[in-house]
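Notes for the structure review
Residues per chain, in single letters:
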Amino acid sequence: MNFEALFKPKTLAVIGVSLNNDRHPANVIYNKNSLRFQAEVFPVNDRGGILQGEMVYARISDIPQEVDLAVIAVRAQMVPDIMAECIEAKVGGAVVISGGFAEIGRKDLQERMVSLASEAGFPFIGPNCLGIYSPPHMDTFFLPSERMVRPNKGRVTLVSQSGGTLVDQMTKFANEGIGLSLAVSIGNKALIRELDLLRYFAHDPGTDVIAFYVEGFEKNEGREFVLATGRCPKPVIVLKSGKSPGGGRAISSHTASMAGDYEVFSAVASQYGVVEARNELELVSFCEALSCYNQSIEGRIGIITTSGGHGALAVDACFSHGLSVPTLSEQHQAEIREQVSPRVRAIASFSNPIDLTGSAVDDDFIAAAKFLSSMEEVDCVLILLLPYTPGVTSDLAARLSQIYRQADKPLIAYVPHVEKYGIFIEGFEFNRIPVAHSIEGTVHMAEAMRRWQPW
Amino acid sequence: MVKKGIRNILFASKDVGWVLEPQAKRLFSMAGLNVPRFTMSSTVEEAVRFAHKIGYPIVAKVVSPRIVHKSDCDGVAVGIDTDGELTKTFTRFSQIEGFVGVLVEEMMSGLELIVGAKIDYQFGPVILLGIGGTGVEIYRDITMRMAPLRERDVESMVKGLKASPLLEGYRGSEPINLSELTRLLITFSELVMDLEEFIESIDLNPVICSSTTCVVADARIMLKETGGNP
């Protein structure tokens, strides 16, 4: 099956627009696409007519151009017939927004759709989903544009069984400055499932990181999924729900009792290099870190700060996540001491964390970061930046990013996230250094790179 | 390809729903795993005769299709070293529900591990390694990987246990034979791949590991309820 029509359509038909209800999901989809997106969009309703001065087509086959993608938002009972018409009209694929299928017990309707589509090699997403957000081509989410928070275009692709969770993640992406390539809500995933999308996005040039929210896999499907992840050259992050043990069933062997659904997922995920996010906060930080750094670390952390307290808290957080903070040798400490400014030299401590004190200026950060980045003992550096340090400027992030490009050791920043310090935060974001809200957050980001172990 | 002998054991156990210890041990022995010398005795005389043959001390365990966890009904006696003690134990076991005999076997010593398998709905055959014994579910010091295992999986499983220093030799104790453990896990995982359709889960608990060998000292195989004929 060819998925290009689903994700990069040039023409779009919205089937099921209402001529009198502007809040109908199909109308919301039609409006946002005709106003804001590149794909040419055609409204379809079996009664024909005029919508906002545009002709409404009674049948998909009446549209005078080839249609790449059909968005189907009609009552469930009508969907199989509509899909058959789409196939007949040589449409490239569909997103079925409508609900009323397997989720309410109408497996038969869903199966009819699947057998039609499978036979014709016709790809469709859904049913019972929001579908695809693929800027600048199109957006099938039936949410008014003005209500959505849109992240910048970037290189992370999100795939979610739940539409609500997906939109929420997009809001968080926007808030954290994480760039999004595409977002796909797969709903009942009747035909196209996580595994199909993993295989497609593994080769999609616009995607560097693939993140999934999964509720459950079918029989042996999880196995196929982790094996495919093992072969995927891009980081794959998975947030899976279902941590609470299923009750009821008598369990008679120790193994069956200890190998619960989630425990098994977590174990096999790490076996095949799937980056397991344990909660939605980790999902967001992991996406941020891995979209900046497509590399894995062992977790030997160097820390630069201007406050002893921040340094100590960062060390604690590293240890609680199983990351190490190697102490620098006397000789290394003496070397780095030589490279910082004279005022700092006398009062700073250099054992790791390197505490440059409140007298630090940009050059001291640069010297310390360069030094740590050159050390064999360190494979990732945390920069705990307090923007109220008088000698620090907003140029620092750009200069630090140069060090990363030379030394190839990931840098992760902490900046308190308040509006006043926006210029510092953006400095890091624009220069592709992940920047966390909290000290713990920087450690999560380091953890992402440690969990990603290409197989 | 499942060996005929293994198939027969699984088939004969279908009605009970699980494979009792003597048959399970025979099965694993056929598959190439080490088991202690043992016999299944239905009379005291048989038990005593075998004990003399292998020499005391010995282990005696109740065999009953009604008893999945033998320790729960006090159905395991270790360190028996006289005929009198064995006779007394035999008599006591014969009162246990569903009694069909007593398994008499040589006593092994070493580190107790659990090696398990589960056919997971989402992920298929999965192998578990952990610290064994009756306290497994209290300590829950376990690691799991998808079968079939490769050597690097076994290495990371051993390293993933909190108690891995115990396996690698802790405070003067000898390390266990890791290459024997690796061989056991890989052989076991291949067997589990072959038995996927028939089984639900397996406990080898304990597997007793010393500096020379790893021996399956107890085993149970839970069969799939609706499994096909092996």
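In this text the structure is predicted, and so the values were computed from the model without any measurement.

The rules behind the values
- Residues numbered from 1 in each chain as written.
- Chains lettered and ligands numbered in written order.
- Predicted model: local features only at pLDDT ≥ 70, side-chain atom pairs only at ≥ 80, totals over all residues.
- Heavy atoms only, no water.
- Helix = DSSP H or I, 4+ residues; strand = E, 2+ residues; numbered from the N terminus.
- Buried < 20%, exposed > 50% of the residue type's maximum accessible area, 1.4 Å probe, protein only.
- Contact = heavy atoms within 4.5 Å.
- Areas by Shrake-Rupley, 256 points an atom, 1.4 Å probe, with all protein chains shown as cover.
- Rg over C-alpha atoms; globule rule 2.2 N^0.38 Å.
- Lys, Arg positive; Asp, Glu negative; His and termini not counted.
- Charge placed at Lys NZ, Arg CZ, Asp CG, Glu CD.
- Buried area = accessible area lost by both parts, 1.4 Å probe.
- Salt bridge = Lys/Arg side-chain N within 4 Å of Asp/Glu carboxyl O.
- Polar contact = N/O pair within 3.5 Å; in protein donor to acceptor, adjacent residues only side chain to side chain.
- Nonpolar A, V, L, I, M, F, W, Y, C, P; charged D, E, K, R; others polar.
- Domains from an automatic or database assignment.
- Phe/Tyr/Trp six-rings, centres within 6.5 Å; stacked < 30°, edge-to-face > 60°.
- Lys NZ or Arg CZ within 6 Å of the ring centre and 35° of its normal.
- 1 Å grid on protein atoms, 1.4 Å probe; cavity = no way out; pocket = protein on both sides within 12 Å on 5 of 7 lines; lining within 4 Å.
- Points joined across faces, edges and corners; volume = space filled by probe spheres on them.
- Arc of directions from axis to C-beta.
- Pairing = 2+ DSSP bridges.
- Axes fitted to C-alpha atoms, helices over the stretch in contact; angles between N-to-C directions.

Focus: the overall build of chain A
- Helix and strand content of chain A: 17 helices and 19 strands.
- Here chain A, with 455 residues, has 59% of them falling under the buried criterion.
- Within chain A, counting contacts between residues at least 6 apart in sequence, those at least 24 apart form 73% of the total.
- Working note: accessible area of chain A is about 18,500 Å², and carbon and sulfur atoms make up 50% of it.

Considerations on the overall build of chain B
- Of the regular secondary structure elements, chain B holds eight helices and eleven strands.
- In summary, chain B has a C-alpha radius of gyration of 18 Å against a globular reference of 17 Å for 230 residues, a match within 12%.
- Projected onto its principal axes, the C-alpha positions of chain B cover 50 × 50 × 30 Å.
- Going through the 230 residues of chain B one by one, you find that 54% of them count as buried.
- In chain B, once contacts between residues fewer than 6 apart in sequence are set aside, the share between residues at least 24 apart is 64%.
- Of the roughly 10,200 Å² of accessible surface on chain B, a fraction of 51% belongs to carbon and sulfur atoms.
- Considering chain B, the positive charge centre built from 25 side chains and the negative charge centre built from 30 side chains are found 2 Å apart.

Observations concerning the interface of chain B and chain A
- Contacts between the two partners involve 35 residues from chain B, matched on the other side by 30 residues from chain A.
- Three residues, Gln122, Phe123 and Met146 of chain B, lead the burial of chain B against chain A; their summed loss comes to 27% of the area buried on that side.
- Viewed at the interface, chain A and chain B are joined by zero salt bridges.
- Viewed at the interface, chain A and chain B are joined by 20 residue pairs in polar contact (both at pLDDT 80 or more).
- Elements with a contribution of two residues or more to the side of chain B that touches chain A: strand E6 (111-120), strand E7 (124-131), helix H5 (136-139), strand E8 (142-146), helix H6 (151-160), strand E9 (199-209) and strand E11 (219-223) of chain B.
- Residue composition of the side of chain B that touches chain A, by class: 17 nonpolar, six polar and twelve charged.

Observations concerning the domain arrangement of chain B
Residue and element names in this part refer to chain B.
- Along its sequence, chain B is organised into domain 1 (4-34 + 109-223) and domain 2 (38-106).
- Facing twelve residues of domain 1, the contacting portion of domain 2 comprises 13 residues.
- Taken together, the two surfaces of domain 1 and domain 2 that pack against each other cover about 1,000 Å², and 61% of this comes from carbon and sulfur.
- Contact with domain 2 buries area across many residues of domain 1, yet Trp18, Pro22 and Arg220 alone supply 40% of it, more than any other trio.
- Applying the counting criterion to the domain 1 and domain 2 interface returns four salt bridges.
- Where lysine 70 meets aspartate 218, a salt bridge forms, and the shortest distance between an N and an O atom there is 2.9 Å.
- In this structure, the connection of domain 1 to domain 2 is made through seven residue pairs in polar contact (both at pLDDT 80 or more).
- With four residues, the single largest contributor to the side of domain 1 that touches domain 2 is helix H2 (residues 21-30).
- Considered class by class, the residues forming the side of domain 1 that touches domain 2 number six nonpolar, one polar and five charged.

Side note on the packing of aromatic side chains
- By the definition in use, this model includes 16 aromatic pairs over all chains.
- Taking 6.3 Å as the distance between ring centres and 55 degrees as the angle between the ring planes, the aromatic pair formed by tyrosine 388 of chain A and tyrosine 421 of chain A counts as tilted. Of the two residues, tyrosine 388 of chain A is situated in the loop between strand E17 (380-384) and helix H15 (396-407) and tyrosine 421 of chain A in the loop between strand E18 (411-414) and helix H16 (422-430); the sequence distance between them amounts to 33 residues.
- The structure contains a cluster of three or more aromatic residues connected by ring pairs, namely Phe212, Phe217, Phe225, Tyr262 and Phe265 of chain A together with Phe123 of chain B.
- Positioned above the aromatic ring of phenylalanine 265 of chain A is the side chain of lysine 240 of chain A, whose terminal nitrogen or guanidinium carbon lies 5.9 Å from the ring centre.
- Of note, lysine 25 of chain B hangs over the ring of phenylalanine 38 of chain B, and the distance from its end group to the ring centre comes to 5.7 Å.

Points about empty space enclosed by the protein
Residue and element names in this part refer to chain B.
- Considering all chains together, one arrives at four cavities of 30 Å³ or more under this definition.
- In this structure, the largest cavity spans a volume of roughly 60 Å³.
- Secondary-structure elements contributing two or more residues to the lining of the largest cavity are H2 and strand E3 (58-63).
- In terms of residue class, the lining of the largest cavity is made up of seven nonpolar, one polar and two charged.

A closer look at helix H3 (residues 44-54) of chain B
Residue and element names in this part refer to chain B.
- Taken together, the buried positions of H3 are occupied by Ala47, Val48, Phe50, Ala51 and Ile54. Seen along its axis, H3 keeps its buried residues to an arc of 165 degrees; they face one direction. Set apart from the buried face of H3 by more than 90 degrees, the exposed residues are Glu45, Arg49 and Lys53.
- Looking at the buried positions of H3, the neighbouring elements they touch are strand E2 (38-41), E3, helix H4 (83-93) and strand E5 (101-106).
- Of the residues one or two after H3, glycine 55 is the one with positive phi, at around 90 degrees.

So, the pattern of salt bridges
- Inspection of every chain in the model, using the stated rule, returns 30 salt bridges over all chains.
- Salt-bridge contacts for glutamate 447 of chain A lead to arginine 450 of chain A; the nearest nitrogen and oxygen are separated by 3.0 Å. One end of the pair, glutamate 447 of chain A, and the other, arginine 450 of chain A, are both in helix H17 (residues 439-451), three residues apart, so they sit about a helical turn from each other.
- Since its relative accessible area comes to 5%, glutamate 447 of chain A is described here as buried.
- A network of salt bridges, in which partner residues are shared, links Glu21, Lys25, Lys61, Lys70, Glu105 and Asp218 of chain B.

Points about the sheet that holds E3 of chain B
Residue and element names in this part refer to chain B.
- Spatial strand order, E2-E5-E3-E4: four strands in an open sheet with antiparallel pairing. This sheet does not close on itself; its edge strands, each paired only once, are E2 and strand E4 (76-80). On average, each strand axis in the sheet is tilted by 20 degrees relative to the strand beside it, whichever way the strands run.
- For E3 and E5, the ladder comprises six bridges, and the chain directions are antiparallel. Residue pairing in the sheet places lysine 61 in a bridge with leucine 103 of E5.

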